[in-house]
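The primary structure of each chain is shown beneath.
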Amino acid sequence: MTVTASLLLAAAMVIATPVSAQPIDRKVQARIDRILKAVPLIDGHNDIAEQLRENYGMKVEGLASGTDRWKPHPLMTDMARLHQGRVGAQFWSVYIPSEVTGDTAIRDTIEQIDIVKRMIKAYPNDLALAGSADDVVRIHKTGRIASLIGIEGGHQIGGSLAALRQFYELGARYMTLTHFKNNEWADSATDDPKYHGITDFGRTVIHEMNRLGMLVDLSHVSDDTMRQALQASKAPVIFSHSSARALTDHNRNVPDDILKLTAANGGVVMVNFYPPYVSEAFRRWNAEEAAEEARLKSLDNGRPGPREADLKAWTAANPPPRVTVAQVADHVDHIAKVAGYDHVGIGGDLEGIESAPEGLGTVSGYPLLFAELIRRGWSDENLAKLAGGNLLRVLRQAEQVAASMKNEAPAMATLEPRPLDPWK
């Protein structure tokens, strides 16, 4: 999700389309096409539903190809560029802010799911709803993009396991346990610890997700939550859009000890493209830019015009560091080295970020990452695992765990005691 609106000032300096990036050699492109025809390229996280809700009145028209309609918030995603990027399957994120809770969170989540489903229905030649690993494989063979849904925060169930179950029925196949803030039952990576992990209710949520066959997503959660969720989950977990903390020391990234625990669990870490998670230099620049913004807000409080002009001047004098496809590949390489080639994937976070590494600013850019990994000597087998083979395995294992739990009754736990039935 969006981290700070001020990064819009830097976006034009960081985003580059594949046209401006190094072209891919024909033989390399042919090899990429061969791999991605056999195995779907599955991206773990795209926030177009949020963009359409916040900026375009929840309308889904006009997504066949890039148009001038998408202003002042250009979209990174359309049907033509999805095909150009050889995308075989996409988890469409369903996100609402952490501050929205209770019944309102449930309603707003349903509205987001409705956007995704209307988008899929509007482009039947390009998209098809998927609910299982077999669905992904089948749809990919037809040349369409298999479309899955991910709930991006445990606060979105409003403390209700019934809501969790109904979201699954509506098509949700993963849920991120937290977002930027702690919720009622788990700690976030970007909030001060409240529970030092997850509560008993949180463990019940994970158990119910296992019973349903919904993937447990640990992007956005604290280290303690990561460890405790890995211990609690019977099925492999995912990090739908996180990178390696050893390379970029951001709390949203995954430390090496947890990469090893994820491998033991059978899970997958899907590498994020957001510059502060990819580049340590950019992360530090981002902190300096935020500090300057806070300083100017204090000096020019109530005077947005001069404040914005001063910040623009600061950015011009202190441009953001260049962030490249090679740096994203460094994170892929590191996760593969520490966790193994069976435990790495791709989760670009497009539409939820204001800027991206050169060449990866739209859904057409994925082949550039594969070309860089080919340059580094990656085998076809390991490229296929990265593309989607690993995630398909995790989906199938989650489905198997759910099948083994099919005789269990739905969990009835609640966050708060329900009032007594007056008729008893």
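Shown above is the structure to which this text applies.
A brief look at the structure comes next. (Residues numbered from 1 in each chain as written. Predicted model: local features only at pLDDT ≥ 70, side-chain atom pairs only at ≥ 80, totals over all residues. Heavy atoms only, no water.)

1. Focus on the overall build of the protein
(1) Moving on: Counting secondary structure elements, the protein contains 16 helices and nine strands.
(2) Moving on: Its C-alpha radius of gyration of 21 Å places the protein within 12% of the 22 Å reference for a compact globule of 424 residues.
(3) Moving on: Across its three principal axes, the protein shows a C-alpha extent of roughly 70 × 55 × 45 Å.
(4) Moving on: Counting all 424 residues of the protein, 57% fall into the buried class.
(5) Moving on: For the protein, the share of sequence-separated contacts (at least 6 apart) that also reach a separation of at least 24 residues comes to 74%.
(6) Moving on: A total of about 17500 Å² of accessible surface is found on the protein, and carbon and sulfur atoms cover 52% of it.
(7) Moving on: The average position of the 46 basic charges and that of the 53 acidic charges among the side chains of the protein differ by 5 Å. (Helix = DSSP H or I, 4+ residues; strand = E, 2+ residues; numbered from the N terminus. Rg over C-alpha atoms; globule rule 2.2 N^0.38 Å. Buried < 20%, exposed > 50% of the residue type's maximum accessible area, 1.4 Å probe, protein only. Contact = heavy atoms within 4.5 Å. Areas by Shrake-Rupley, 256 points an atom, 1.4 Å probe, with all protein chains shown as cover. Lys, Arg positive; Asp, Glu negative; His and termini not counted. Charge placed at Lys NZ, Arg CZ, Asp CG, Glu CD.)

2. A look at helix 3 (residues 48-55)
(1) Moving on: Looking at helix 3, one finds that the buried residues are Ile48, Ala49, Glu50, Gln51 and Leu52.
(2) Moving on: Of the surrounding secondary structure, the elements contacted by the buried residues of helix 3 are strand 1 (41-46), strand 2 (87-94) and helix 5 (102-122).
(3) Moving on: Within two residues after helix 3, Gly57 carries a phi angle of roughly 60°, on the positive side.

3. Some details on the pattern of salt bridges
(1) Moving on: Counted by the stated rule, this structure contains 27 salt bridges.
(2) Moving on: With a shortest N-O distance of 2.6 Å, Glu111 and Arg53 are connected by a salt bridge. Separated by 58 residues along the polypeptide, Glu111 in helix 5 and Arg53 in helix 3 bring together distant segments of the chain.
(3) Moving on: As a salt-bridge pair, Arg138 and Asp135 come within 3.2 Å of each other at their nearest N and O atoms. Note that Arg138 and Asp135 are positioned in helix 6 (residues 133-141) at a spacing of three residues, about one turn of the helix.
(4) Moving on: Look at the salt bridges and you will find they share partners, linking Asp330, Asp333, Glu372, Arg375 and Arg376 into a network. (Salt bridge = Lys/Arg side-chain N within 4 Å of Asp/Glu carboxyl O.)

4. Section: the packing of helix 6 against helix 16 (residues 380-404)
Pairs of packed helices are described in terms of their axes, by the angle between the two and the distance that separates them.
(1) Moving on: Where helix 6 meets helix 16, the axes come as close as 8 Å, and the angle between the chain directions of the two elements is 140°. One finds that helix 6 runs oblique with respect to helix 16. Along its contact with helix 6, which presents Ala133, Asp134, Val136 and Val137, the element helix 16 presents Leu392, Leu395, Arg396 and Glu399.
(2) Moving on: Broken down by class, the residue content of the contact of helix 6 with helix 16 amounts to five nonpolar, no polar and three charged. (Axes fitted to C-alpha atoms, helices over the stretch in contact; angles between N-to-C directions. Parallel < 35°, antiparallel > 145°, perpendicular 65-115°, else oblique. Nonpolar A, V, L, I, M, F, W, Y, C, P; charged D, E, K, R; others polar.)

5. Some thoughts on the side chain of Thr248
(1) Moving on: Relative to the helices and strands, Thr248 resides in the loop between strand 7 (238-239) and helix 10 (256-265).
(2) Moving on: A distance of 2.9 Å separates a polar atom in the side chain of Thr248 from the backbone oxygen of Val278. (Polar contact = N/O pair within 3.5 Å; in protein donor to acceptor, adjacent residues only side chain to side chain.)

6. Details of the pairing of strand 8 (residues 268-271)
Looking along a regular strand, one sees the side chains alternate between the two faces of the sheet.
(1) Moving on: The alternating pattern of strand 8 places Val268 and Met270 and Val269 and Val271 on opposite faces, both of which are buried.
(2) Moving on: In this structure, strand 7 lies alongside strand 8, joined through two bridges in parallel fashion. From the neighbouring strand, Ile238 faces strand 8, where its bridge partner is Val268.
(3) Moving on: For the segment spanning strand 7, helix 10 and strand 8, crossover handedness is right-handed.
(4) Moving on: Pairing between strand 8 and strand 9 (residues 344-346): three bridges, direction parallel. The residue of strand 9 that forms the bridge with Val269 is Val344. (Pairing = 2+ DSSP bridges. Right-handed = clockwise from strand over helix to strand, strands pointing away.)

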